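Summary of the model geometry
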Amino acid sequence: MAEITAALVKDLREKSGAGMMDCKKALQENNGDVEASMDWLRTKGIAKAAKKADRAAAEGLVAGKIAADGKSGALVEFNAETDFVAKNDQFQSAAREFATVALGTDGTVDAITAAKTSKGEVVGEVVTNLIATIGENMRLRRAAKLSLDQGAVALYLHNKQGDDVAKLAVLVALEGAGDQATLAEVARKIALHVAGTPTPPLALTSADLDPDVVAKEREIQTQMAIESGKPREIAEKMVEGRIRKWQEEVVLMVQPFVMNPDQTIEQLVAETAKAVGSPVVLKSFVRFALGEGVDKGPEGPDFAAEVASMTGAA
């Protein structure tokens, strides 16, 4: 058997990120062959990951990136079990890298997981190795990408935890042929609005609202009207009025702009069109708040990851 030196162990540890004892055992099992030991660690990492896969991962980070040309942007939510791990440099670096990788894909989790990082590593394998190294369940939970042929995509990070990572992130795509710097500035203000408004928007327009969500709200309002003791005819009229009011609260285009409550987002977009001298259209937005929709029980559903985006995101 080849001699397992401290230098060999150190070399394998730096390449794999695994613990010292794991590296020593891997080298012993593979007669000092570093590459074979790397494969051995990956195999063991998969085994460790499988054991942790039923543990809830609702902490972590949202990472965002904007392309160099300013016409596309991506968000990823990368989860771990504890907030402590979310502060780990390896974890944050991985989240940033995954957002960068997302820019070169269609923005779906499957595409990102199968893609390669700047170091040539497959994203899915990076996640598995991190699980083995850090010892917590992790997952690339969801992702989104917005792109335009002309205009600007802007990113706003709220409650930042480091460069390009936060607890809440918003992308906004503002389409137009005018000055891109102006469009980017307005898009970022709208992204700030989406992050900071008391009632987070559910859709861009009323037509974009999920019919199931509208039906649920109608059911709630109907029950409240009936319990108030009003006759059915009056109750139905009350419900219609309340639904219209609710839509005004959750539809982005008609929300009062947080930086100027006397102006709606729709009016802000129209004002921007006049300023740049060409039509401007708010095409889409994406808002990721860390852990939203996660049932923290091991078997619980993950609603936010299952429901398709209502904002035009990939």
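Nothing here was measured: the structure is a model prediction, and the numbers come from that model.

**Thoughts on the packing of helix α8 (residues 180-196) against helix α11 (residues 265-276)**
Axis separation between α8 and α11 bottoms out at 11 Å; the angle between their running directions is 170°. With respect to each other, α8 and α11 are oriented roughly antiparallel. Two secondary-structure elements touch here, α8 through Thr-182, Leu-183, Val-186, Ile-190 and His-193 and α11 through Ile-265, Leu-268, Val-269, Thr-272 and Val-276. Classifying every residue of the contact of α8 with α11 by side-chain character gives seven nonpolar, three polar and no charged.

**Some points on the confidence of the model for the chain**
For the chain, mean pLDDT is 85; residues scoring 70 or higher make up 86% of the total. Predicted confidence for residues 46-54 stays below pLDDT 50, and this span has eleven contacts to residues more than four positions away or in other chains. In the predicted structure, residues 297-314 sits below a pLDDT of 50 and forms 36 contacts with residues beyond four places in sequence or in another chain.

**Re the pairing of strand β3 (residues 139-147)**
Judged by how many residues are buried, β3 sits mostly within the fold: seven of nine residues are covered. As judged from the eight bridges shared by strand β2 (residues 72-80) and β3, these two strands associate in the antiparallel manner. Looking across to β3, one finds that Glu-77 is bridged to Arg-142.

**Focus on the side chain of Arg-142**
Its location among the elements puts Arg-142 in strand β3. For Arg-142, a relative accessible area of 9% translates into the label buried. Of the polar contacts made by the side chain of Arg-142, one reaches the side chain of Glu-77; its length is 2.6 Å. A distance of 2.9 Å separates polar atoms of two side chains, one belonging to Arg-142 and the other to Glu-292.

**Regarding the packing of aromatic side chains**
For any pair of aromatic rings, geometry is given as the distance between the ring centres together with the angle between the planes. Following the criterion strictly, the structure yields two aromatic pairs and no others. For the pair Phe-78 and Phe-91, a centre-to-centre distance of 4.4 Å together with 10° between the ring planes defines the contact as stacked. With a gap of 13 residues between them, Phe-78 in strand β2 and Phe-91 in helix α5 (residues 89-103) connect regions that are remote in the sequence. Relative to Phe-98, the ring of Phe-78 has its centre 5.1 Å away and its plane inclined at 75°; by these criteria the two rings are edge-to-face. In this pair, Phe-78 sits in strand β2 while Phe-98 sits in helix α5, placing the two residues 20 residues apart along the sequence.

Criteria and thresholds
Residues numbered from 1 in each chain as written. Predicted model: local features only at pLDDT ≥ 70, side-chain atom pairs only at ≥ 80, totals over all residues. Heavy atoms only, no water. Axes fitted to C-alpha atoms, helices over the stretch in contact; angles between N-to-C directions. Helix = DSSP H or I, 4+ residues; strand = E, 2+ residues; numbered from the N terminus. Parallel < 35°, antiparallel > 145°, perpendicular 65-115°, else oblique. Contact = heavy atoms within 4.5 Å. Nonpolar A, V, L, I, M, F, W, Y, C, P; charged D, E, K, R; others polar. pLDDT = per-residue confidence, 0-100. Buried < 20%, exposed > 50% of the residue type's maximum accessible area, 1.4 Å probe, protein only. Pairing = 2+ DSSP bridges. Polar contact = N/O pair within 3.5 Å; in protein donor to acceptor, adjacent residues only side chain to side chain. Phe/Tyr/Trp six-rings, centres within 6.5 Å; stacked < 30°, edge-to-face > 60°.

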